[in-house]
Structures are given as C-alpha cells and as structure tokens.
Amino acid sequence: MKTYRHEFESVEDYLHHRPPYLMVDKIQSISDTEIVTTRRIIGDEYFLLGHFPGAPVVPGAMLQEMTTQSAGILIAARYNPMPEYNTHDPHFNKYALGVLVKVEQARFKGFARPGDQLEIRVHLNERLSGIFDFRATIALEDKVIMRNRFQLTNIESSVLIGPVEV
C-alpha cells in the first residue's frame, strides 16, 4: 500500500485522541524509524484520582498508552495510507491509524508521579503486511521506568466506528 508523509503543527493534528485521554504533550523529534515525545504529569489527571489515594502514581496502562499514542503519531507522519488526513473530523479519514493489536515484554522499573516530565522514545523495529512492530521506553530524568514492545495496525474507520444507525 502506498504511504504519504504528513507534517503538522500539533499532536492533535496527528491523533484522534483528545483530553482527557490524550497522553502526549509534545513531539520532540521524529524520523522514519523513531519518535521522541514528552508528557508532564500535572497531578489532576483522571487516572490519578484513585491510583492510589495519598500516593498517586501513573497506572502502567497509561504508560503503555503513552507509547502507543507516540507510535501512532509516527505512523500518521511517515506511513499514512491517506494523501489527505484530518483528525478534527471523525468521519473524514478512511483509515483508523495505529490500532493496538499486541503488547508483549512490558517491564515497569519505576513510578511516574505528579510533577514528573516523562520522555517517551519509540522505535519502529519493522513493518510487515500492515503490522508495525515497535519497542519503546519511558524515562524520567534519564532513568528508564518502563520498557515494552507492541504492535499496531491500520484498519478501516468503519470497523472502528461500527454500524451506523439510521
């Protein structure tokens, strides 16, 4: 399948995710095989409210989501199957990009807490038959607190949206 390159101003231009589920604040760098993004944990995020009272730490599932959203930006920027791409209209795009299909080898080696600035580094290992294989790390002050490996794919948007009721 032919792919197109896109360059946008903001994270929201690459991803359909919106607050409160947007897990990436800023793109630091992007190439054909790697993206580096950041996320500052403010302390008022919905996922911290009950995890854990008196000792708020970012859940591992949210750290995973930071890596997959970053990888989704890489796909939208460098391996987009659409010549025109618009995340501000949910019905514009033929494909939903970067749908998670597999997570493996997730390792958690530390905690992210309010006030922390996280660096998310995602590397594209290979792309085979529409499957993108990634490895990622999340670091806090140069200390890796999470490592994982996962796969994403692109699917037709109609599959994601489901049947339309008339």
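Thresholds, definitions, all that
Residues numbered from 1 in each chain as written. Predicted model: local features only at pLDDT ≥ 70, side-chain atom pairs only at ≥ 80, totals over all residues. Heavy atoms only, no water. Pairing = 2+ DSSP bridges. Helix = DSSP H or I, 4+ residues; strand = E, 2+ residues; numbered from the N terminus. Axes fitted to C-alpha atoms, helices over the stretch in contact; angles between N-to-C directions. Contact = heavy atoms within 4.5 Å. Salt bridge = Lys/Arg side-chain N within 4 Å of Asp/Glu carboxyl O. Buried < 20%, exposed > 50% of the residue type's maximum accessible area, 1.4 Å probe, protein only.

Student: Before we go on, may I ask you to explain the sheet that holds strand β4 (residues 117-128) in this structure?
Tutor: Backbone-to-backbone hydrogen bonds pair the strands of a sheet. The strands run either parallel or antiparallel. As summarised here, the arrangement of the six strands in space is β1-β2-β4-β5-β6-β3, forming an open sheet in which the pairing is antiparallel. For this open sheet the edge positions go to β1 (26-30) and β3 (95-108), each flanked by a neighbour on one side alone. Here the strands of the sheet are splayed against their neighbours by 25 degrees on average, with no regard to which way each runs. Of the strand pairs in this sheet, β3 and strand β6 (residues 143-156) are connected by nine bridges, and their pairing is antiparallel. The residue of β6 that forms the bridge with Phe-108 is Met-146. Strand contacts of helix α2 (residues 60-78): β1, β2 (34-40), β3, β4, β5 (131-140) and β6, with the helix running at about 50 degrees to β6, the strand carrying the most contacts.

Student: Looking at this structure, how should I read the pattern of salt bridges?
Tutor: Under the defined criterion, the tally for this structure stands at nine salt bridges. Across the pair Arg-5 and Asp-32 runs a salt bridge, and its minimum N-O distance is 2.8 Å. A residue pair is termed long-range when its members are at least 10 positions apart, and Arg-5 in the segment before α1 (11-14) and Asp-32 in the loop between β1 and β2 qualify at 27 residues. Among the residues examined, Asp-32 registers a relative accessible area of 36% and is labelled partly exposed. Ionic pairing is found between Arg-39 and Glu-45, a salt bridge with its closest N-O pair at 3.3 Å. A relative accessible area of 6% places Arg-39 in the buried class. Because the salt bridges share partners, they merge into one network encompassing Arg-5, Glu-7, Asp-32 and Arg-78.

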